[in-house]
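Analysis of the macromolecular model
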Amino acid sequence: MSRKTVIVANFKLNLLAEEAKNYTLELIEALRSEPSETTVVIAPVYTAIPAVSGALDGAHIALAAQDIAAQVSGAFTGEVSAPFLLEFGCRYVIVGHSERRRLFGENDEIVAKKARAAVDGGLIPIVCVGETLEERERGEAESVVETQLRAVLDHCPEGSEIVTAYEPVWAIGTGKTASVEDAEKMHRFIRTVLGSERGDNTSILYGGSVNADTAPALLSSADIDGALVGGASLKVASFLPIIRAAAK
Ligand code: PEP
């Protein structure tokens, strides 16, 4: 395990199965002539996972789910757990996205249980942490991020592979991006919270309105190991420049 450069496309609630499949085929074709060390990950809607999985057919792009159940199986209507994601070749799962926290009431305990369920189930959780604008203005950004992260670290055994994504809530889907300096400062802080061993082995991604214009400066920073991309990931044409910017 070591720090990898990781670029994640989070489709959120967009792209039907056929659209996600065509996107995947287009991305595979585009990347064919540009081999790189970057781990590219696609997180489609659950129902598009089988179609994307089929399209990937051994390509060097990893598949992720956007969420996971804290449970494994049983009477949990509407949930999807690790074995069901593994069945279709998922390798990663996003947990604790601010939209899940804010719109679906997921607190630190639920996020931590989901991260643990991912680890136990053989998936790599992409753990999202980040402060709201009010919290930043009150000077609480670091303490909020630390609390969110510690909840997950306390639940996941030392040595389990996780990816962290710093996603300031005020930058997600708003067109506002954290400055490179602010992002770097938080990434360095996150690395100290992770501790020396975990810090050396955990990729810390930045997320929040990353696009072709903002990616080069963010991704050229030694403290920023990649990006979690929402809006700009929905078209291959706008996602590709971000992947290229990561090839540092
Ligand atoms: C996200 O989905 O995590 C995200 C950062 O979205 P956007 O890039 O649209 O801000």
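Located above this text is the structure these notes cover.
This report concerns the structure included in the present document. (Residues numbered from 1 in each chain as written. Predicted model: local features only at pLDDT ≥ 70, side-chain atom pairs only at ≥ 80, totals over all residues. Heavy atoms only, no water.)

Our next topic: helix α1 (residues 17–32). End to end, α1 covers 22 Å across 16 residues, agreeing with the expected 22 Å (1.5 Å per residue, within 8%). All of the buried residues along α1 are A20, Y23, T24, L27, I28 and L31. Seen from one end, α1 has its buried residues packed into an arc of 135 degrees, which puts them on one side. Buried residues along α1 sit in contact with β1 (6–10), β2 (39–43), α2 (49–56), β3 (61–65) and α11 (236–246). (Helix = DSSP H or I, 4+ residues; strand = E, 2+ residues; numbered from the N terminus. Expected span 1.5 Å × (residues − 1). Buried < 20%, exposed > 50% of the residue type's maximum accessible area, 1.4 Å probe, protein only. Arc of directions from axis to C-beta. Contact = heavy atoms within 4.5 Å.)

What the rule picks out here adds up to 2 aromatic pairs. Ring centres 4.8 Å apart and planes at 75 degrees place the aromatic pair F11 and Y23 in the edge-to-face group. Taken together, the positions of F11 in the loop between β1 and α1 and Y23 in helix α1 put the pair 12 residues apart, joining distant regions of the chain. When sorted by exposure, F11 lands in the same class as Y23, which is buried. The ring of F104 has R100 lying over it, and the distance from NZ or CZ to the ring centre is 4.2 Å. (Phe/Tyr/Trp six-rings, centres within 6.5 Å; stacked < 30°, edge-to-face > 60°. Lys NZ or Arg CZ within 6 Å of the ring centre and 35° of its normal.)

Below, the discussion takes up α2. Taken as a whole, α2 has its buried residues at I49, V52, A55 and L56. Axial view of α2: buried residues confined to an arc of 130 degrees, hence all on one face. Buried positions along α2 lie against α1, β3, α3 (82–86) and β4 (90–95). In the segment just after α2, D57 is the residue with positive phi, at about 40 degrees.

For soluble globular proteins, the rule of thumb is that nonpolar side chains tend to be buried together. Counting 66 residues, the largest nonpolar core has I7, L27, I190, Y206, L219 and F239 as the members making the most contacts within it. Here this core takes 7 residues from α11, the largest share from any one element. Setting aside chain neighbours within four positions, we find I7 in contact with T38, T39, V40, V41, L219, G226, A227, V229, F239, I242, I243 and A246. One finds V6, A62, I94 and I126 within the second-largest nonpolar core, a separate group that totals 15 residues. (Core = buried A, V, L, I, M, F, W, Y, C linked by side-chain atoms within 4.5 Å.)

Phi angles above zero are rare outside glycine, and D57 is one such case at about 40 degrees. In this fold, D57 is placed in the loop between α2 and β3. According to the relative accessible area criterion, D57 is exposed, its value standing at 68%. Positive phi values are uncommon outside glycine, yet S209 reaches one of about 55 degrees. With respect to the helices and strands, the residue S209 is situated in the loop between β7 (204–207) and α10 (215–219).

Time to look at the sheet that holds β2. Spatially, the 8 strands close up into a barrel ordered β1-β2-β3-β4-β5-β6-β7-β8, and their pairing is parallel. Going from strand to strand, the sheet's axes swing by 25 degrees on average, the running direction of each strand aside. Here β1 pairs with strand β8 (residues 226–229) via 4 bridges, running parallel. Residue pairing in the sheet places V8 in a bridge with L228 of β8. The strands touched by helix α5 (residues 108–120) within the sheet are β4 and β5 (124–129), with β4 carrying the most contacts at an inclination of about 175 degrees. On top of the sheet, helix α7 (residues 141–155) reaches β5 and β6 (163–166); it is set at about 160 degrees to β5, its chief contact. (Pairing = 2+ DSSP bridges. Axes fitted to C-alpha atoms, helices over the stretch in contact; angles between N-to-C directions.)

What follows concerns the pattern of salt bridges. Counted according to the given criterion, the structure contains 20 salt bridges. Taking the shortest distance from any N to any O, the salt bridge between D67 and K114 comes out at 3.0 Å. Placement of D67 in the loop between β3 and α3 and of K114 in helix α5 is noted, with a sequence separation of 47 residues between them. Overall, D67 belongs to the buried group, its relative accessible area being 10%. (Salt bridge = Lys/Arg side-chain N within 4 Å of Asp/Glu carboxyl O.)

In terms of burial, β4 is largely enclosed, as 5 of its 6 residues are buried. Sheet topology note: the β3/β4 ladder contains 3 bridges and is parallel. In the sheet register, A65 faces β4, and the bridge partner there is V93.

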